[in-house]
Amino acid sequence: MDDSDDADADLTWETLAEETDYTCPGFDVVRDEVRLPDGTDTEFHYVSEPPSVVILPFTEDGDVVVIEEWRQAVDRVNYGLPAGGLESEDVDIDAAAKRELAEETGYEAAAIEHLATYEPANGLFDSVFHYVVAHGCTPTAEQDLDHNESIQVDTASFTDLKERALADELRDGRSALAILQYALQTA
């Protein structure tokens, strides 16, 4: 065991029990009974949700397919990229990305490539976001929105999106992270 393994062992909490306190469509609130490294027993609550995919979709002309969507939690329209949770019928991340892109935008991707995977707020959530780049996106169908989605579709230049993210004008963190990560990887 190297020094990092020793440090991890010194920091690890022991889960004694786990119970779901609240369930609703999209997420659960979970309560763990835990033992801290110093021997203290306590409770820890967190939000549990299925993994999600965030799509940076490029059209054949090089523009990015963007969405405007009402977000009740922040009481405003959100400008950003299509995203959504993985579902049981999704065989992999690529399938989930293609399905979400088609449902939210009506666009179909010719190819999907992995960009990055992040845990956006692992102190409060067990969320995992898989970021992908969709290439050769073309409008092929109508949107197939969930009952609680209000989404309009448009396109924007990647340069515009990058400038918005850098200027603190792109409030959606998932979208900003995807755009800036892609900009760094392709610079």
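Shown above is the structure to which this text applies.
Because the structure is a prediction, the values reported are computed rather than measured.

Novice: What am I meant to see in the packing of aromatic side chains here?
Specialist: For any two aromatic rings, the description comes down to two numbers: the centre-to-centre distance and the angle of the planes. The final tally for this structure, using the stated rule, is seven aromatic pairs. Here Trp13 and Phe44 contribute two aromatic rings whose centre-to-centre distance is 5.7 Å and whose plane-to-plane angle is 80 degrees, an arrangement assigned as edge-to-face. A residue pair is termed long-range when its members are at least 10 positions apart, and Trp13 in the loop between α1 (3–11) and β1 (14–24) and Phe44 in strand β3 (residues 41–48) qualify at 31 residues. The exposure class assigned to Trp13 is partly exposed, which follows from its relative accessible area of 42%. Given the relative accessible area of 27%, Phe44 is considered partly exposed. When the centroid spacing of 6.5 Å and the interplanar angle of 65 degrees are considered together, the rings of Phe129 and Tyr131 count as edge-to-face. Overall, the relative accessible area of 3% leaves Tyr131 in the buried class. In this structure an aromatic cluster arises from ring pairing among Trp13, Phe44 and Tyr46.

Novice: Can you walk me through the side chain of Ser127 in this structure?
Specialist: Looking at the secondary structure, you find Ser127 in the loop between β9 (111–118) and β10 (129–139). The exposure class assigned to Ser127 is buried, which follows from its relative accessible area of 4%. Each residue touching Ser127, except ones within four places of it in the same chain, is listed here: Glu49, Tyr118, Glu119 and Pro120.

Thresholds applied
Residues numbered from 1 in each chain as written. Predicted model: local features only at pLDDT ≥ 70, side-chain atom pairs only at ≥ 80, totals over all residues. Heavy atoms only, no water. Phe/Tyr/Trp six-rings, centres within 6.5 Å; stacked < 30°, edge-to-face > 60°. Helix = DSSP H or I, 4+ residues; strand = E, 2+ residues; numbered from the N terminus. Buried < 20%, exposed > 50% of the residue type's maximum accessible area, 1.4 Å probe, protein only. Contact = heavy atoms within 4.5 Å.

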